[in-house]
Amino acid sequence: MNSERQTAPAPRRIAIVAPARRLDETAAEAVTKLAKSAGVPAELVFHSQCFARSGHFAGADEVRRAALVEVANAPDFDAVWFARGGYGSMRLLDGLTDELGPAALDKVYAGFSDTGALLATLYGAGIGTCVHAPMPANIRLEGGAPAILRTLEFLSAPPPPGRSGPPEAAFNLTILAALCGAPHFPNLAGHVLHLEDVGEYHYRIDRAFAQLAATPWFPALAGVRLGRFSEIPENNIDFGQTGEEIARAWCARAGVEVMADSPIGHDIHNGLVPFGPRPA
């Protein structure tokens, strides 16, 4: 009789870096405590760079980039979780994928908002599994704990297999529009594209959609799913359309189907959207 005991798989190791703005130490402590209390089968490793400061950013560009490259290339990490957004990820893109080695190919990369610039670049280069997901900084939102746990549940398990159907991707509208024409922009033709935004005037939402609609890939989308367009400032001249109405008008002009609502947005209900073929 075989008396060998089956051992439980080792906890997945998740590296956290801050490619844009700084993460507060107390937020990192709260996320670590939450993960332990919930019994998440993962080890969270906050890189010291998360707490660096250089003006607006979590350290100078070269510091943030070096931390990201370090954890992406480290074979003992299973996933890279971006700590927070703000602004700064786009400053790290040029030549980034040239610095990523074989270990970076098998990781999961998670974040949203500003860090969508990194997800777009990695996805376009076929590096890892990218997922739009809540980030550690979201612990600061009232009721934000379930959002953090949604991401941790995804990251603490092996990447799910794909199934048939159009691939998907999810972005902040403003970030996606800013990437248009860049060499690191992924080919989204044939995708179901999820879009959301926060804190933008209606005319800026309209301008961003006009920019997307002018690309050759936008009319070739399989469809668009609209997340939440929230905290829209009041303009001194009423634009006359809501964020959703603006989106639908541009999709209609481009001949793109607007599908069911997307769960994404800058709030505690922000959902997960793995890029590429949908998980089973």
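Look a little higher up for the structure.
The following refers to the structure shown. If you're wondering where the values come from, they're calculated on a predicted model, not measured in any experiment. (Residues numbered from 1 in each chain as written. Predicted model: local features only at pLDDT ≥ 70, side-chain atom pairs only at ≥ 80, totals over all residues. Heavy atoms only, no water.)

**Here we look at the environment of Val108**
Then step 1. Tracing the backbone shows Val108 in strand β4 (residues 108–111).
Then step 2. The exposure class of Val108 is buried, given its relative accessible area of 1%.
Then step 3. In this structure the C-alpha to C-alpha distance between Val108 and Asp78, which are 30 residues apart in sequence, comes to 6.7 Å. (Helix = DSSP H or I, 4+ residues; strand = E, 2+ residues; numbered from the N terminus. Buried < 20%, exposed > 50% of the residue type's maximum accessible area, 1.4 Å probe, protein only.)

**A short note on the pattern of salt bridges**
Then step 1. Taken as a whole, this structure holds 10 salt bridges when the rule is applied.
Then step 2. Between Arg22 and Glu25 there is a salt bridge whose closest N-O contact spans 2.9 Å.
Then step 3. Take Glu25: its relative accessible area is 33%, and that puts it in the partly exposed class.
Then step 4. The salt bridge involving Glu200 is made with Arg204; its shortest N-O contact spans 3.6 Å.
Then step 5. Three or more residues are tied together by salt bridges with common partners; here these are Arg13, Glu43 and Asp76. (Salt bridge = Lys/Arg side-chain N within 4 Å of Asp/Glu carboxyl O.)

**A closer look at the sheet that holds strand β9 (residues 273–274)**
Then step 1. Strand order in the open sheet formed by six strands is β2-β1-β3-β4-β5-β9, with mixed pairing between adjacent strands. Two strands lie at the open edges of the sheet, namely β2 (42–46) and β9, each paired on one side alone.
Then step 2. Where β4 lies against strand β5 (residues 129–132), four bridges are found, and the strand directions are parallel. Note that in β5 the partner of Tyr109 across the bridge is Cys130.
Then step 3. Across the face of the sheet, helix α3 (residues 116–124) comes into contact with β3 (79–82), β4 and β5 while running at roughly 150° to β5. (Pairing = 2+ DSSP bridges. Contact = heavy atoms within 4.5 Å. Axes fitted to C-alpha atoms, helices over the stretch in contact; angles between N-to-C directions.)

**Observations regarding the packing of helix α6 (residues 202–213) against helix α7 (residues 243–254)**
Then step 1. It is the contact of α6 with α7, at a shortest axis distance of 10 Å, that shows an interaxial angle of 20°. When the axes of α6 and α7 are compared, the pair comes out roughly parallel. The two elements α6 and α7 meet at a crossing, and its hand is right-handed. For the pair formed by α6 and α7, the contact residues are His202, Ile205, Asp206, Phe209, Ala210 and Ala213 on the first element and Gly243, Ile246, Ala247 and Trp250 on the second.
Then step 2. The class makeup of the residues in the contact of α6 with α7 is seven nonpolar, two polar and one charged. (Parallel < 35°, antiparallel > 145°, perpendicular 65-115°, else oblique. Left-handed = near helix turned anticlockwise from the far one by under 90°. Nonpolar A, V, L, I, M, F, W, Y, C, P; charged D, E, K, R; others polar.)

**Remarks on helix α4 (residues 145–155)**
An α-helix turns once every 3.6 residues. As a result, residues three or four positions apart point the same way.
Then step 1. Among all positions of α4, only Ala147, Ile148, Thr151, Leu152, Phe154 and Leu155 are buried. Looking straight down α4, one finds its buried side chains confined to an arc of 160°; they lie on one side. (Arc of directions from axis to C-beta.)

**Here we look at the packing of aromatic side chains**
Then step 1. Scanning the model with the defined rule gives seven aromatic pairs in all.
Then step 2. Ring plane angle 50° and centroid distance 6.0 Å describe the contact between Phe57 and Tyr87, whose orientation is recorded as tilted. Taken together, the positions of Phe57 in the loop between β2 and α2 (61–73) and Tyr87 in the loop between β3 and β4 put the pair 30 residues apart, joining distant regions of the chain.
Then step 3. The buried category is assigned to Phe57, whose relative accessible area is 14%.
Then step 4. On the numbers, 5.6 Å between centres and 20° between planes, the contact of Tyr201 with Tyr203 is stacked. (Phe/Tyr/Trp six-rings, centres within 6.5 Å; stacked < 30°, edge-to-face > 60°.)

Interpretation in functional terms is not warranted from these geometric data alone.
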